[in-house]
Amino acid sequence: MPGAPRLTVAVISAGAVGTAVGEALARAGHAVTAAVARSDASRARAALRLPQARLTDAESAARDAELIILAVPDPELPGVVEQIAPHVGPGRIIVHVAGSRGRAVLDPVALTGALTIAAHPAMTFAGSAEDTDRLTGCPWGVTVGDELSRTVAELLISELGGRAIPIPEASRPLYHAAMAHGSNHLGAVVADAVELLAGAIGEGADATARDQAAALLGPLLEASLDNALKWGPRALTGPAARDDAGTVAKHLEVIGGELPHAAPAYRALSRRIAEMKGSTGVLRELGDRPHGAD
């Protein structure tokens, strides 16, 4: 953002998310001066994508930076906050990117006078350079404790090409559950679908068959996702939605023979679609009592 002050930035630590956020901040003109990188992969990632950052420990990184990005795994966050608290104070901005945690986990550093923000990028990260590009246009789930923090969060996120969406502190667990259900579980379903389709295309599900399976599924998945986001349950199609119990049963048979571990997920999702659409025949086939049945 033209005219915005440039900040010195520390990234704790240089995993997939931290590196992407740090690189995006560097592109916006901020100076990423320090990074914590505990693994060989993180050190290599930081050297390639955060070349101006010196690799150091959390205390030193926090001591010397104006903006500190905490990008450690969610369970580790409270410990890291306690670790850096003695080294921060007024004039510092502390941002964590954990989805499941709100702003309150940063209370130990807030008590030092630092400004605290929970800002979770609603994006999946693979650890590649493309992660940084995906932050452009990415919405962020933001939880803050005051208007100044809200303004700072919105400015920083807008610099990265994103949009801040407020999430109440008490709603962070539900927010994160919804994000994980929509993204992680979708990814698992798609991975199973590619494997099943590759098995239908070629013997042994080789690389060529997987590529062809991905090519077949891609446009269908994009259209299905777009329709679901726009229309919700009204957009659902397929055998469970149209109460085709025989086809659902056949699908369970062939999936069980080809990829047994995928069958329970197919059954559960068929049940959920049938509940949404009132498909009583499918519910009977799956051994469920239809809603409203005597």
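Everything below is about the structure shown above.
The rules we used
- Residues numbered from 1 in each chain as written.
- Predicted model: local features only at pLDDT ≥ 70, side-chain atom pairs only at ≥ 80, totals over all residues.
- Heavy atoms only, no water.
- Helix = DSSP H or I, 4+ residues; strand = E, 2+ residues; numbered from the N terminus.
- Buried < 20%, exposed > 50% of the residue type's maximum accessible area, 1.4 Å probe, protein only.
- Pairing = 2+ DSSP bridges.
- Contact = heavy atoms within 4.5 Å.
- Axes fitted to C-alpha atoms, helices over the stretch in contact; angles between N-to-C directions.

**Student:** Is there a simple way to explain unusual backbone geometry in this structure?
**Tutor:** That bond from Ile12 to Ser13 is cis: its omega, 10 degrees, falls within 30 degrees of zero. Inspection of the secondary structure assignment puts Ser13 in the loop between strand E1 (8-12) and helix H1 (16-27). For Asp243, which is not glycine, the phi dihedral falls at a positive 60 degrees. Residue placement: Asp243 occurs in the loop between helix H9 (207-231) and helix H10 (245-258). Assessed through its relative accessible area of 31%, Asp243 is described here as partly exposed.

**Student:** Is there a simple way to explain the environment of Val254 in this structure?
**Tutor:** Along the polypeptide, Val254 turns up in helix H10. For Val254 and Leu196, which are 58 residues apart along the polypeptide, the C-alpha to C-alpha distance reads 9.6 Å.

**Student:** Sorry, what's going on with the sheet that holds strand E3 (residues 54-55) here?
**Tutor:** Adjacent strands of a sheet pair through backbone hydrogen bonds, lying either parallel or antiparallel. An order of E3-E2-E1-E4-E5-E6-E7-E8 is seen for the eight strands of this open sheet, with the pairing classed as mixed. Sheet topology places E3 and strand E8 (163-166) at the edges, where each strand pairs with a single neighbour. As paired elements, strand E7 (residues 139-144) and E8 share four bridges and run parallel to each other. Looking across to E8, one finds that Pro139 is bridged to Arg163. Along the sheet face, H1 touches E1, strand E2 (31-36), strand E4 (67-70), strand E6 (115-121) and E7 and points at about 170 degrees away from the line of E1.

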